[in-house]
Amino acid sequence: MSRFAGTDNYVATEDLMMAVNAAVVLGRPLLVKGEPGTGKTQLAEEVARSLQRPLYRWHIKSTTKAQQGLYEYDAVSRLRDSQLGDAKVHDIGNYIVKGRLWEAFESDVQPVLLVDEIDKADIEFPNDLLHELDRMEFYVYETRQWIKARHRPIIIITSNNEKELPDAFLRRCFFHYIRFPDATTMERIVGVHYPTLKKELLSEALTAFFKVREMPGLKKKPSTSELLDWIKLLVAEDIPPEALRSDDPKKSIPPLYGALLKNEQDVHLFEQLVFLNRRSR
Amino acid sequence: MLVPFFFKLREAAVPVSITEFLSLLQALQARVASASAEDFYYLSRACLVKDERHFDRFDRAFAAHFKGAEDLFEAMMKSIPEEWLKRMGERTLSEEEKAQIKALGGWDKLIETLKQRLAEQKERHQGGNKWIGTGGTSPFGAYGYNPEGIRIGQDESRNKSAVKVWDQREFKNLDDTVEIGTRNIKIALRKLRKFAREGAAEHLDLDSTIDSTARNAGLLDLKFVPERHNAIKVLLFLDVGGSMDYHVRVCEELFSAARSEFKHLEYFYFHNFVYEHVWKDNRRRHAEKIPTMEVMRTYGHDYKLIVVGDATMSPYEIVQPGGSIEHWNEEAGAIWMQRLTRTWPHHVWLNPEPEQRWDYTPSVQLTRELLENRMFPLTLGGLEQAIKALH
């Protein structure tokens, strides 16, 4: 059995690897939580890539129903077809639309199924999937057939913690909380994304980044993905590392900070703080 | 050997079930983890803990159970926390302070006590201040060993395998709510739900479909309506600190039940009585104050206001400008309370003190008058009355 150990552009911590491998070996879903932008969704992609499995994505919205992941009976088009006298109408199977879960169940090799942002859905959503995730099978009432998974898919579920998930659902999952990476891990993460980056620029950028993160009162703290964007900009603009050092009071605002702060109030607060800081010198 | 561990976890209020325990055993049998203690820790955490808020309790139980048993795994550590505490201390303490530490029995003793306290210390937000940190009563506070100090350790050595992972207790901060053993409160709160049609139109509206199909000369014309959602919005003001410490548990239960029950729930903290500032994060209450005016402007009249507090204080704190025990308030608390009740016409005050004691406390009487008797005890019965009053 191949094991997941991170990839060339995804840095996995020890505990994350353990959680993924446990989920893969035992065929249980893995629930991943963590701050936005810490690579929850990307995890599924990287697992699929490193284990060389097909990836099925199911993005959840507030209107998504559990049933839509299994299949949908398109009664409306059938009704329309019947009015138009279409011959298709006699076979109900023509109007069964497969959902992502069904597609994953039919895959020839063990697939990876990503259920993204499960907390966006209705409170009952996870409960409606208990049996399907447990037994990896479901029943299609309209055509009276049992759909069983050929291979238990590796299911990765992400959540942003907007709603609490029911206990019965949690019992069936493995759980991992992606902590915000510390400075060393962050260096490795940036390293895999921008391997040619100058060491100096990197350490200056990281210092500036963690300083911004530690500012009290930010509505949305910049996360890993924002850091990566920012560094991309810094490199593209060819900004020298010295410009990031805040020793010089005139230049104490990190350049291009718009990539880090995504919110008007935050930018405002930030500028105010910097201003105060400058005055107090 | 793992069964006692399982019960220890349950004792520590980590909600573990038999299914989860069996899946851990299954994973062990499948050799998911190698023989190292760290692997076992990660694996058991992924199997048994399903909420990051419980990570800290898990860490504590794990440390307590496997203390001394590490040799069973590969030998891995020589109790490093002392090391980095020492290192940190050498950097931050003056010579004088170092001498004082020696007088107290030296490093080893100090750290032994610190460890003991850490083990006893419960969730950070209730117990944290008491045990380590403030007031200068504990030797740790006096020498700067407040939780900040411990955080320095984290910053430094998370990935150096020297420190046992579970002993670092990195998830302390997350354990800020109780787990939901509070089904009753949820059910009571559910009565507050009000459903309204909102969002994308996706339910077939049979009546208007028939109607418009008929108008359309029999050609099908489908009509949809949005689904019904819980449209209630709740604003929760919680009194913290001081006399409220005795009611922390019931307030936490209420809070965590409310949080999972309402989509639009906003909460703010205050101390004793509401004045010109409230705050959202208790640990940063002095740094991140939110003007009450801003709250009043932000959340519309359709929010229902629920204030939770024991209203037990000196009457001056309500009626006098400058009566607050924490700061100089320009305007009396009573004026602020009137503003609140005017901004949110649907309001109640929940009081965790038993109802029969209300009459003996003048400040409770005052508050009741300010709220026109919309004060209810924080019991299931009181909650139901309160919810009736909110409608």
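Identification of chain B as VWA domain-containing protein from Steroidobacter gossypii is taken from an unreviewed UniProt entry.

Looking at an unreviewed UniProt entry, chain A carries the name MoxR family ATPase, with the source organism given as Steroidobacter gossypii.

Asks: I tried to follow the overall build of chain B on my own but got confused; where do I start?
Replies: When its secondary structure is counted, chain B shows 19 helices and 9 strands. Within the span of chain B, comprising 391 residues, buried residues form 32% of the whole. Here the contacts in chain B between residues at least 6 apart in sequence split such that 68% fall between residues at least 24 apart.

Asks: It is not clear to me how the sheet that holds strand β8 (residues 154–159) of chain A should be interpreted in this structure. Could you clarify?
Replies: Within a sheet, each strand pairs with its neighbour through backbone hydrogen bonds, oriented either parallel or antiparallel. All names here are of chain A. Taking strand neighbours across the sheet as the criterion, the 5 strands line up as β2-β5-β8-β1-β9 in an open arrangement whose pairing is parallel. Each edge of the open sheet is held by one strand with a lone partner, namely β2 (55–59) and β9 (174–178). On average, each strand axis in the sheet is tilted by 20° relative to the strand beside it, whichever way the strands run. Summarising the sheet, strand β1 (residues 30–34) and β8 pair through 4 bridges and their orientation is parallel. In the strand pairing of β8, Lys33 is matched with Ser159.

Asks: I'm lost on helix α13 (residues 206–215) of chain B in this one. Help?
Replies: Since the α-helix turns once every 3.6 residues, residues separated by three or four places project in the same direction. Of all 10 residues making up α13 of chain B, only 0 are buried, and the element is barely covered by its neighbours. The positive-phi residue at the C-terminal boundary of α13 of chain B is Ala217 of chain B, with phi of around 60°.

Asks: Got a minute to help me understand the nonpolar core in this structure?
Replies: If you look at soluble globular proteins, the nonpolar side chains tend to sit buried side by side. Ranked by size, the top nonpolar core spans 70 residues in total, and within it Ala22, Leu30, Ile156 and Phe174 of chain A together with Leu43 of chain B carry the most contacts. Counting residues per element, this core draws most heavily on helix α3 (residues 37–48) of chain B, which supplies 8 residues. In this view, Ala22 of chain A contacts Phe174 of chain A together with Ala27, Val32, Leu43, Ala46 and Cys47 of chain B; residues no more than four positions away in its chain are not counted. Counting 40 residues, the second-largest nonpolar core is a separate cluster that includes Val240, Phe270, Ala334 and Leu350 of chain B.

Asks: Is there a simple way to explain the interface of chain A and chain B in this structure?
Replies: Buried accessible area, meaning the area lost when the parts come together, often serves as the stated size of an interface. Across the contact, 29 residues belong to chain A and 30 residues belong to chain B. Elements supplying a minimum of two residues to the side of chain A that touches chain B: α1 (14–26), α4 (75–84), α8 (167–171), β9 and α9 (183–193) of chain A. Per-element accounting of the side of chain A that touches chain B gives the leading share, 8 residues, to α1 of chain A. Among the residues forming the side of chain A that touches chain B, the class breakdown is 13 nonpolar, 8 polar and 8 charged.

Cut-off values and rules
- Position numbers for residues start from 1 in each chain and track the written sequence from start to end.
- Each chain is given a letter, starting from A, and each ligand a number, starting from 1, according to the order in which they appear as written.
- Given that this is a predicted model, residues contribute local features only at a pLDDT of at least 70 and side-chain atom pairs are listed and counted only at 80 or more, while totals for whole chains, interfaces and linings are drawn from all residues.
- In DSSP terms, a helix is any run of H or I states spanning at least four residues, a strand is any run of E spanning at least two, and both are numbered starting from the N terminus.
- The exposure scheme places C-beta atoms from the backbone and then counts, for each residue, the other C-beta atoms within 10 Å of its own, assigning buried at 20 or more, exposed at 12 or fewer, and partly exposed in between.
- Here contacts are defined at the residue level, using C-beta atoms placed from the backbone and a cut-off of 7 Å between them.
- Any two strands with at least two DSSP-identified bridges between them are counted as paired.
- Axis geometry follows a simple rule: fit a line to the C-alpha atoms, using only the stretch in contact for helices, then measure angles between N-to-C directions, giving values from 0 to 180 degrees.
- In this description, a nonpolar core means buried residues of the types Ala, Val, Leu, Ile, Met, Phe, Trp, Tyr and Cys, linked to one another by C-beta atoms lying within 7 Å.
- Throughout this entry, Asp, Glu, Lys and Arg are counted as charged residues, while Ala, Val, Leu, Ile, Met, Phe, Trp, Tyr, Cys and Pro are counted as nonpolar. The remaining residues, Gly among them, count as polar.

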